[in-house]
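Inside the fold
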Amino acid sequence: MTHIIGQHDCKADSKGRVLLPISLKNQLLPVLKDGFVIKRSVFQQCLELYPKAEFDVLMQKVMKKSKINRKYDAFVRNFVAGMKEVSIDGDSGRLQIPKNLVEFAGIEKEVVLNAVFDKIEIWNKDMYEKVLAEGEKDYADLAEEIFDDDE
């Protein structure tokens, strides 16, 4: 499992190209040649960039569920919408975000790359800051609930 850390402020150009900071690119070096999958987030209006091996693990979990089910069908249709294999240029560290995903996430010039364990969230900077601010009021309660030893 790949463990990626850090929050990185970046810039996107008008074509959806983002230059990864060297510290993030260095963390991805072991998986750079294997490629990545970029997709819409299930819970937020951001994108998720997975190293291909990590994405394959996620897809195995999805595929284990019942396939003869309307809810599964609706979920999978949305889960794979806009999904695409991408690469990060090994020399420059540049990522090309597909246009439909740029539009979904509202990606403009200011971008935040937020590493979350095995994936990188790609946010419009204003949306990211808004979501963080909204979550601050519940953060302590969530921490207690999630890490409560009684469960």
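The protein chain is annotated in an unreviewed UniProt entry as Transcriptional regulator MraZ of [Muricauda] lutisoli. Quoted verbatim from the Subcellular location (unreviewed entry) heading of the UniProt record, the comment on the protein chain is "Cytoplasm, Nucleoid".

**Concerning the overall build of the protein chain**
A tally of helices and strands in the protein chain yields 5 helices and 8 strands. Shown N-terminal to C-terminal, the secondary structure of the protein chain runs as helices and strands in the order β-β-α-β-β-α-α-β-β-α-β-β-α. A globule of 151 residues ought to have a C-alpha radius of gyration of about 15 Å, and the protein chain, at 16 Å, matches this closely. Structurally, the protein chain occupies a C-alpha span of about 45 × 40 × 30 Å along its principal axes. Counting across all 151 residues of the protein chain, residues that qualify as buried make up 36%. For the protein chain, the share of sequence-separated contacts (at least 6 apart) that also reach a separation of at least 24 residues comes to 59%.

**Quick notes on a negative patch on the surface**
There is a patch of like negative charges on the surface, built from D138, D141, E144, E145, D148 and D149. Its location among the elements puts D149 in the segment after α5 (125-146). For D149, a relative accessible area of 73% gives the class exposed.

**Some points on α5**
A turn of α-helix holds 3.6 residues, and therefore any two residues three or four places apart point the same way. For α5, built from 22 residues, the straight-helix expectation of 32 Å at 1.5 Å per residue is missed by more than 12%, its first-to-last C-alpha distance being only 27 Å. At D138, α5 shows its maximal bend, which comes to roughly 55 degrees. For α5, the N-terminal cap is N124; the gap from its side-chain oxygen to the backbone nitrogen of D126 is 2.8 Å.

**Regarding the side chain of H8**
Positionally, H8 belongs in strand β1 (residues 7-11). Judged by relative accessible area, H8 falls into the buried class, the value being 10%. In contact with H8, not counting residues within four places along its chain, are P21, S23, L24, V111, V112 and L113.

**Re the sheet that holds β1**
The sheet built from 6 strands is open, its strands ordered β1-β7-β8-β4-β3-β5 with antiparallel pairing. Two strands close off the open sheet at either side, each with one partner strand: β1 and β5 (84-86). For this sheet, the mean inter-axis angle between neighbouring strands, taken without regard to orientation, is 30 degrees. As defined by bridge partners, strand β4 (residues 47-51) adjoins strand β8 (residues 119-124) across 3 bridges and the pair is classed as antiparallel.

**Describing the pairing of β8**
Counted residue by residue, β8 has 6 buried out of 6 residues, so it is predominantly covered. Here β8 shows a buried face lined by K119, E121 and W123 and a second buried face lined by I120, I122 and N124. Here strand β7 (residues 110-116) runs beside β8; their pairing, made up of 6 bridges, is antiparallel. The residue of β8 that forms the bridge with V116 is K119. Turn length for the β7-β8 hairpin, with the two strands adjacent in sequence and antiparallel, is 2 residues, and the turn residue F117 shows positive phi of about 60 degrees.

Parameters at a glance
Residues numbered from 1 in each chain as written. Predicted model: local features only at pLDDT ≥ 70, side-chain atom pairs only at ≥ 80, totals over all residues. Heavy atoms only, no water. UniProt positions renumbered as here; feature names shortened; annotations may be inferred. Helix = DSSP H or I, 4+ residues; strand = E, 2+ residues; numbered from the N terminus. Rg over C-alpha atoms; globule rule 2.2 N^0.38 Å. Buried < 20%, exposed > 50% of the residue type's maximum accessible area, 1.4 Å probe, protein only. Contact = heavy atoms within 4.5 Å. Patch = residues over 30% accessible without salt bridge, like charges linked within 9 Å, V, L, I, M, F, W, Y side chains within 5 Å. Areas by Shrake-Rupley, 256 points an atom, 1.4 Å probe, with all protein chains shown as cover. Salt bridge = Lys/Arg side-chain N within 4 Å of Asp/Glu carboxyl O. Lys, Arg positive; Asp, Glu negative; His and termini not counted. Charge placed at Lys NZ, Arg CZ, Asp CG, Glu CD. Expected span 1.5 Å × (residues − 1). Bend = angle between axes of the 7 residues up to and from the residue. Polar contact = N/O pair within 3.5 Å; in protein donor to acceptor, adjacent residues only side chain to side chain. Pairing = 2+ DSSP bridges. Axes fitted to C-alpha atoms, helices over the stretch in contact; angles between N-to-C directions.

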